[in-house]
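Coordinate inspection notes
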Protein chains: 2
Amino acid sequence: MTVGQQRGEDVDGLGWAIVGASWIAEKFVIPAIRATPRSRVVGVFSSLGERGQAFAAKTGLDLVWTDLQSVLDDELVEAVFVGTLNHLHREQVLAAAAAGKHVLCEKPIALTVADAIEMKDACERAGVVLATNHAFRGQTAIQKMRAMINTGSIGRPLAARTFFGATLSGRFATWRLQDPRNGGVLYDLTVHSVDILRFLLTSNVIEVQATTDNQGLAAEGIEDIVTGTLRFESGTLSNFQDSYTVNHGLRSVEVHGTEGSLSGTGVLDVVPAGEVLLVRNGLPEAVKLGPLEGPFIRSIGDFTKAVRGQGAPTATADDGIRSLQAAMGAKRSARSGQRVLLNESTGDQEL
Amino acid sequence: MTVGQQRGEDVDGLGWAIVGASWIAEKFVIPAIRATPRSRVVGVFSSLGERGQAFAAKTGLDLVWTDLQSVLDDELVEAVFVGTLNHLHREQVLAAAAAGKHVLCEKPIALTVADAIEMKDACERAGVVLATNHAFRGQTAIQKMRAMINTGSIGRPLAARTFFGATLSGRFATWRLQDPRNGGVLYDLTVHSVDILRFLLTSNVIEVQATTDNQGLAAEGIEDIVTGTLRFESGTLSNFQDSYTVNHGLRSVEVHGTEGSLSGTGVLDVVPAGEVLLVRNGLPEAVKLGPLEGPFIRSIGDFTKAVRGQGAPTATADDGIRSLQAAMGAKRSARSGQRVLLNESTGDQEL
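Keep in mind that this is a model prediction, so the values were computed, not measured.

1. Section: the overall build of chain A
Scanning chain A from N- to C-terminus turns up eleven helices and 15 strands. Across its three principal directions, the C-alpha atoms of chain A cover 65 × 45 × 40 Å. Counting over 351 residues, chain A shows a buried share of 62%. Of the contacts made within chain A by residues no fewer than 6 positions apart, 67% connect residues no fewer than 24 positions apart. Of the roughly 12,800 Å² of accessible surface on chain A, 49% is carried by carbon and sulfur atoms. Taking the average place of the 33 positive charges on the side chains of chain A and the average place of its 39 negative ones, the gap between the two points comes to 4 Å.

2. Side note on the interface of chain A and chain B
Counting residues at the interface gives 49 residues for chain A and 49 residues for chain B. Both faces combined, the contact of chain A with chain B buries some 3,700 Å², and carbon together with sulfur accounts for 48% of it. Counting across the chain A and chain B interface gives four salt bridges. Inspection of the region where chain A meets chain B yields 35 residue pairs in polar contact (both at pLDDT 80 or more).

3. Looking at the domain arrangement of chain A
Residues and elements named next belong to chain A. Its domain assignment divides chain A into domain 1 (3–135) and domain 2 (136–293 + 316–350). With centres defined by C-alpha atoms, the gap from domain 1 to domain 2 works out at 26 Å. Counting residues at the interface gives 23 residues for domain 1 and 30 residues for domain 2. Taken over both partners, the interface formed by domain 1 and domain 2 buries close to 2,300 Å², and the fraction arising from carbon and sulfur atoms is 62%. In terms of surface lost to domain 2, no three residues of domain 1 exceed Trp23, Val113 and His134, which account for 28% of the buried area on that side. Applying the counting criterion to the domain 1 and domain 2 interface returns two salt bridges. In this structure, lysine 107 and aspartate 188 form a salt bridge, with 3.0 Å as the shortest nitrogen-oxygen distance. Summed over the shared surface of domain 1 and domain 2, the result is 13 residue pairs in polar contact (both at pLDDT 80 or more).

4. Some remarks on the nonpolar core
Residue and element names in this part refer to chain B. Counting residues in hydrophobic clusters, the biggest one holds 107 residues, and the most contacted among them are Trp16, Ile18, Val80, Ile109, Leu130, Leu262 and Phe303. The greatest single-element share of this core, amounting to eleven residues, is contributed by helix α9 (residues 185–201). Built from parts of two domains, this core gets at least three residues from each of domain 1 (3–135) and domain 2 (136–293 + 316–350).

5. Describing the pairing of strand β4 (residues 79–82) of chain A
Residue and element names in this part refer to chain A. Side chains of β4 alternate between two faces, with Ala79 and Phe81 and Val80 and Val82 buried alike. Here four bridges tie strand β1 (residues 14–19) to β4, and the two strands are oriented parallel to one another. Residue tryptophan 16 lies in a different strand from β4, and its bridge partner there is alanine 79. As paired elements, β4 and strand β5 (residues 102–106) share four bridges and run parallel to each other.

6. Observations regarding the pattern of salt bridges
Applying the stated criterion across every chain yields a total of 42 salt bridges over all chains. What emerges from the salt-bridge pattern is a single network uniting Arg137(A), Asp195(A), Arg198(A) and Asp319(A).

7. Quick notes on the relation of the copies chain A and chain B
With an axial shift of 0.0 Å and an RMSD of 0.0 Å, the rotation relating chain A to chain B amounts to 180°. Both chain copies can therefore be described as sitting about a two-fold axis. For chain A, the smallest separation between a C-alpha atom and the rotation axis is recorded for Gln338(A), amounting to 2.2 Å. By residue overlap, the copies meet face to face through one surface: 100% of the interface positions of chain A are interface positions in chain B.

8. Some points on the packing of helix α5 (residues 89–98) of chain B against helix α6 (residues 113–126) of chain B
All names here are of chain B. With their axes 9 Å apart at the nearest point, α5 and α6 run at an angle of 10° to one another. Regarding the angle of α5 to α6, the classification is roughly parallel. Every residue of α6 that contacts α5 at His89, Arg90, Val93, Leu94 and Ala97 is listed here: Asp115, Glu118, Met119, Ala122, Cys123 and Ala126. Looking at side-chain class alone, the contact of α5 with α6 contains seven nonpolar, one polar and three charged residues.

9. So, the pairing of strand β8 (residues 205–213) of chain B
On any regular strand, side chains alternate: one points to one face of the sheet, the next to the other face. All names here are of chain B. With seven of its nine residues buried, β8 lies for the most part within the structure. Bridge count between β8 and strand β9 (residues 225–232): eight bridges; the pairing is antiparallel. Among the inter-strand pairings, aspartate 213 is bridged to a residue of β9, identified as isoleucine 225. Here two bridges tie β8 to strand β15 (residues 340–341), and the two strands are oriented antiparallel to one another. Bridge pairing in β15 places valine 208 opposite valine 340.

10. With respect to the sheet that holds strand β6 (residues 130–133) of chain B
Residues and elements named next belong to chain B. Taken together, the six strands give an open sheet; going across it, the order is β3-β2-β1-β4-β5-β6, and neighbouring strands pair in parallel fashion. Edge strands, defined here as strands with exactly one partner in the open sheet, are β3 (64–65) and β6. Lying on the sheet, α5 is in contact with β1 (14–19), β2 (39–45), β4 (79–82), β5 (102–106) and β6; it crosses β5 at an angle near 170°.

11. What about the packing of aromatic side chains?
In this structure the tally under the stated criterion is ten aromatic pairs over all chains. Ring plane angle 75° and centroid distance 5.3 Å describe the contact between Trp23(B) and Phe28(B), whose orientation is recorded as edge-to-face. Judged by relative accessible area, which is 14%, Phe28(B) ranks as buried. When the ring centre of Phe199(A) is taken as origin, the NZ or CZ atom of Arg146(A), which lies over that ring, is 4.3 Å away.

Each value, and the rule that gives it
Residues numbered from 1 in each chain as written. Chains lettered and ligands numbered in written order. Predicted model: local features only at pLDDT ≥ 70, side-chain atom pairs only at ≥ 80, totals over all residues. Heavy atoms only, no water. Helix = DSSP H or I, 4+ residues; strand = E, 2+ residues; numbered from the N terminus. Buried < 20%, exposed > 50% of the residue type's maximum accessible area, 1.4 Å probe, protein only. Contact = heavy atoms within 4.5 Å. Areas by Shrake-Rupley, 256 points an atom, 1.4 Å probe, with all protein chains shown as cover. Lys, Arg positive; Asp, Glu negative; His and termini not counted. Charge placed at Lys NZ, Arg CZ, Asp CG, Glu CD. Buried area = accessible area lost by both parts, 1.4 Å probe. Salt bridge = Lys/Arg side-chain N within 4 Å of Asp/Glu carboxyl O. Polar contact = N/O pair within 3.5 Å; in protein donor to acceptor, adjacent residues only side chain to side chain. Domains from an automatic or database assignment. Core = buried A, V, L, I, M, F, W, Y, C linked by side-chain atoms within 4.5 Å. Pairing = 2+ DSSP bridges. Least-squares fit on C-alpha atoms with pLDDT ≥ 70 in both. Axes fitted to C-alpha atoms, helices over the stretch in contact; angles between N-to-C directions. Parallel < 35°, antiparallel > 145°, perpendicular 65-115°, else oblique. Nonpolar A, V, L, I, M, F, W, Y, C, P; charged D, E, K, R; others polar. Phe/Tyr/Trp six-rings, centres within 6.5 Å; stacked < 30°, edge-to-face > 60°. Lys NZ or Arg CZ within 6 Å of the ring centre and 35° of its normal.

This is the structure we're talking about:
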């Protein structure tokens, strides 16, 4: 009897390797895999052996890999969750594809659109699923907003707004604020803001303008606040504001249509959270949501089904590419002072 | 005994002529003048005689002028409220200045920054007060937000946002939607959004980016929606969204600081209205406002005092110029696709 069986895990279920001993993996991804039928965790990879051992002890895993090839050579591993530092996503996803493993990759899918396209193409050629972990899509409140928009509750969407202030303390106030390769609000928060709007509006961004600043929290040259505007193919105009510096306001996503407005508060979160108001003629009414489901439950569940040929991941590789493209367009606009037009094709918008 | 005495008006009070038989003048400006000590309405000017007669009957005025020079020749008139179509402001204010009359001019102060500067200079040379009727500053909720920001309740302001959806029906769905000289959300709503932020932050806009559209309500070529970003001299980054098309959402103004966030809802209105929340660590708490004062009471009261040499108007000519400059910068940015830098001096930013 294996250790997995001792914990009651389904040994025939999809075998996951956790690549990167991250907080997200520990607190959310592993519990979600364990809560998903026909899905189980095989082990964890960390290039830092001690970090992997400590992680395994906390999460009840028996297997710790310190080199990626061993993960990919393991027959029990069918899928990998890549939750390492952003700049490692590309090479790890390409290696997974080469080994025939399915991949759920943390956002941002890559550092550049060109890298992301290369990753997507490699996974397609290898016949494996590549998904992006834009987990906020899985919030019950966000799912409800999208369903209401799709069924015409607010008519045609005209305008939208997002507000995402993230408090970075302790272990989070590291590379996000310090590493010019990986850091800053655009890779971390703006990809989320854009992705949620793309998901709610079922439309892609065609133009972006943005203004960024360093308000003294991040290292010099790294953006700790951004605000900008987005034009969607559908005609909806949106703005967004993402920052590490603003710690008190309530995170929110609003969509304003011809027949009503939807306002979701607290929905940009990793835990089950959020409230939704439907506003008509200035009168707000609470939308009934029922029990809130954690966002990672849906990411893992949809991915597991997709691997079995049933439906699509919550956020596909294309979603990761398009949301990255808009965030990078915002960066380019902020630096150049010019509106950035995004190609219909997912062309490279790097600086 | 004059008719004014019959109505109990102070015949020695500041004598106002109403220039333009507008809804704003009828519903708000005249009642505010009558509620202000040492202030009274002498008569109304309308180039359309019948319109002036009907207005006078509704508002209880005895005197109707049909040519502006007669207004300005009247010794009882010491101040004029200019509430005509936007493109008439310039010539009427210049004429008032030449006649030595003080002027409270409806927003936008003019169609171009150059015109507005000419008007300001003329009034300065004539020794008369020129003020802009950015009346929303007078909302009790806005006054309270400004006082809290000034006394440090939210620390240093880092970010802000405004949302101003205006429903245009009946008599309002005319030139605002049809006249390419005067119409569109930028002259009508964006000047307000910018002005309220300038007032709350006690800082001027130094950069603006914007995206506009015609979503089918206004005539072709006239913007019925705009969203954009503002960088203030203080370092605060804001966004704004103004539209005639979005009718359901709640108008709001938010300022996010290092120690807390202030959120005002319903504050962009001509009647006494609005609620304010102070949010700290995501926990909202209602701010006590006491009785709400109508915004025009303050405009008229401050103006009357300024004419008597006591203090400044609620919004000065400079305020009108700077708020117009930012709105015109937004228009220019929307058309060119480029960020617009606003000069320290109130330079012309016309297209």
